[in-house]
Each structure stands twice: as structure tokens, then as C-alpha cells.
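Here's the letter readout for the chains.
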Amino acid sequence: MLSVTGLFTEYPNEKGEIVKAAQDVSFEVPEGELFTLLGPSGCGKTTTLRSIAGLERPRAGEISVNGVPVYSSANGIFIAPNKRNFGMVFQSYAIWPHMNVFKNAAFSLEVGARKYSKKEIENRVMRVLTAVGLDHVADREATKMSGGQQQRLALARALVMEPKLLLLDEPLSNLDAKLREQMRSELKRMQRELGLTTIYVTHDQSEALALSHEIAVMSAGRIVQIGSPRDIYERPRNKFVADFVGLTNFLDATIEEADGDGYRVNSSIGALSVTSFDQYSRGDAVLISVRPEDIELYQARPQGVNVIEGKVDFKVFLGEVLDYQIMIGERKVLARAHPSFKSRLGDTVFLRMDPEKCITIQDNTQYRKAA
């Protein structure tokens, strides 16, 4: 449905220096799917979204929808933003101050090329206002609502047109934690029910994992990994992705020998069997990533492989889980356990790690900020 190929977008900053915001960005989004551009501030994700919207003019590349280019540097094509028929919600609300909530949401239906009856407009507007939790304030002046309510109105205004492509730039950023979670569920439900092809920009990993069919992790203007939420989380390809998406332990290790589908390594906490998606030779230095929730804690030594002894150094009660900091020699390892696991500071505990959850990753790139 959407195809972005070899996209380069650059612009001068306030000092006149060229900022390389998007560098050779390429991805495809099938019809009806939600694709997330995920990364830290300054990674180029918003610039990429604005390039798709037509609000930035790239230096090179091609953007097409259903095989029809809306931008092509090779063919000199640049379709104006208002002719792309994309729904857009950015960090600024752009609410019409002289209209109430209902009129703001209905505006694009009333002035668009397609004519709707009064009843059709009322039904469509109230449906989206109900979905975003604003049906009870339909008659309120839009600018007298809270920032979170205004952001939900901006989302409703984009959804009411049922656009062929929906572009969302941090649309839930101004909501409190509970409302953000509720809106995330509503947004996911509406996107699936309406079959809206959606590009979603966020720095929030949990948001990306919960909403997306596929995620592109960006850094320094480039995509460093594309995959399903599970692949991104469980099979990070490098240290940046593993560190940015969730919490993980990094262990320095040296390859000892091949071991089934992985390797036997000598790590900073002892000998381990690990899984690898790359080829290594004996003596190669590697980095191991293992998530805290993938480390099982025991008070007595369990059976199995990858069992390491340590001492409880610190623990934090978080309600549904306990976070433990375990000392293994001079090395600190984070583990996550059910609150029913009770060990005191200084107690000896045993860690067991599934070899499939101990992943070798690349540590070969130092990422810097783009725009």
C-alpha cells in the first residue's frame, strides 16, 4: 500500500549546517496495517513522517501509495499535502478556536469534495467522538478543553474522514498514564475495525509494542531494524535496539564452541549456552543480551543449563513484580520475579537462563543524534 524507497531528507539548522534527518530510509506497509517508526528524540522519525505527508520535501527517494507516486526525485513528482488524501495528527493540535467539538470533527466532512447528508455527518462524527471519549462534550468550545481532550479531538477529526493513510505523530503524548492506556486500546481497535493503513511515530516502546503490526527502529536518521513487535523485542539485531526497546542485561563473552543452534560461551558471569543468528569462530568476542524477565530465580540450585549462583544486592517491589539486582562476583545482573519469590538482601540465589533467551547481538555502531 505505502512504499518508501531510498528517502533522504535534509535541511539547514539555525546555524546553517545541514542536518541529515532521514538517510536512505526504505520500508513498505501493507494495506490495513499499523507501522510504527520508533526511536529516541532526534532520530529522524518525525521528519520521515512529515516527508510522507508532504510537509517536508526530500532530497531524494520515492514515496508511493498503491503504486502511485506522491513523491519521486527521479521523475520530478511532488504531490501537494492537501491532495494526498492522508489523515494527519501531529503534536500540535491545530484546533479551530471558533468552533465547538462537534463542528471541529465535522469540518472536513462539510467542506470536502464528497457531499454527506446532515444525518451521515452526525452519525460519523458521534461515532468517532464516542470512540475517543468526547461524545459528552460535543457542544463544548474546543479551546476550553484540556490539552489531552484537544489531542483526542485532533485524532477524531482525522479518523472521521476514514483516510486511505493515517499519519500519527505521538498522538497520545499529552495524556495521563491511565487515559493513554485506554486510548491506546481504542486506537488499536478502531484501526483494526476500519482497516486504516497507519504510520505511527513514537518514542514510547510499550506503545509501539502494543499497537504495531511491524516496527522500524530508527537512530541517527537510519532504520536499524524492522520486524514484528515480538522480533524486535526478542531478537534485537544490535545493542542499540536491545537497549532502547525494553530493559536488558548486556554480558561480554567469548565464543568457545558451537552448541546446537547456538554457541557455548565464556561470559562475564560464567559459562553459558546461547542462541545466535550470526556466524562466529572460536575466540570471537560477542555481546550477550538477556532480559530480566527471562532470568528465573531459585533459592535452591535447579536442574538444567545456564545456572549461575549469586547474591541479592537490591530489590524493588513494583506490585505485580519484584525487580532484583543480583551480584555475581563483581557483575550486577537484573532479574524480575513474581512477588511470591521471597529472598532477603544478602541471600544466595540461583539464576537459570533459557539458552533461547540469551541472544548474541552486534555491538558495532555508535549512534549519534539526527533530527
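Worth saying up front: this structure is predicted, and the values here are computed from it rather than measured. (Residues numbered from 1 in each chain as written. Predicted model: local features only at pLDDT ≥ 70, side-chain atom pairs only at ≥ 80, totals over all residues. Heavy atoms only, no water.)

Trainee: Talk me through the side chain of Gln225; I want residue IDs and the actual numbers.
Mentor: Here Gln225 lies in strand 11 (residues 222-227). Here Gln225 falls in the buried class, since its relative accessible area comes to 8%. At 2.8 Å, the side chain of Gln225 forms a polar contact with the backbone nitrogen of Arg237. Those residues in contact with Gln225 that sit more than four places away from it in its chain are Ile215, Ala216, Val217, Asp231, Ile232, Arg235, Pro236, Arg237 and Val241. (Helix = DSSP H or I, 4+ residues; strand = E, 2+ residues; numbered from the N terminus. Buried < 20%, exposed > 50% of the residue type's maximum accessible area, 1.4 Å probe, protein only. Polar contact = N/O pair within 3.5 Å; in protein donor to acceptor, adjacent residues only side chain to side chain. Contact = heavy atoms within 4.5 Å.)

Trainee: Account for the nonpolar core, naming residues and giving values.
Mentor: Formed by 38 residues in total, the largest nonpolar core has its most connected members in Val125, Leu129, Leu153 and Leu155. Looking at this core, the elements with two or more residues in it are helix 2 (101-111), helix 3 (118-131), helix 4 (147-159), strand 8 (165-169) and helix 5 (177-194). Take this core: its biggest share by element is six residues, from helix 4. Leaving out residues up to four positions away in the same chain, Leu155 has contacts with Val89, Val132, Leu168, Met183 and Leu187. (Core = buried A, V, L, I, M, F, W, Y, C linked by side-chain atoms within 4.5 Å.)

Trainee: Please give an account of the sheet that holds strand 5 (residues 68-72) that cites residues and values.
Mentor: In space, the five strands of this open sheet follow the order 2-1-4-5-6, with antiparallel pairing throughout. Two strands close off the open sheet at either side, each with one partner strand: strand 2 (18-29) and strand 6 (77-78). Lying over the sheet, helix 1 (residues 45-53) contacts strand 1 (2-12), strand 2 and strand 4 (60-65), oriented at roughly 115 degrees with respect to strand 1. (Pairing = 2+ DSSP bridges. Axes fitted to C-alpha atoms, helices over the stretch in contact; angles between N-to-C directions.)

Trainee: Report on the environment of Lys119, specifying residues and quantitative values.
Mentor: Here Lys119 shows up in helix 3. When the C-alpha positions of Lys119 and Thr47 are compared, they lie 39 Å apart, and in sequence the two are 72 residues distant.

Trainee: Could you give an account of the side chain of Thr198, naming the residues involved and the relevant values?
Mentor: With respect to the element layout, Thr198 can be found in strand 9 (residues 198-202). Within the structure, the side chain of Thr198 is placed 3.1 Å from the backbone oxygen of Leu196, a separation counted as a polar contact. For Thr198, the contacting residues outside a window of four places in its chain are Glu33, Leu34, Phe35, Leu165, Leu166, Leu168 and Gln191.

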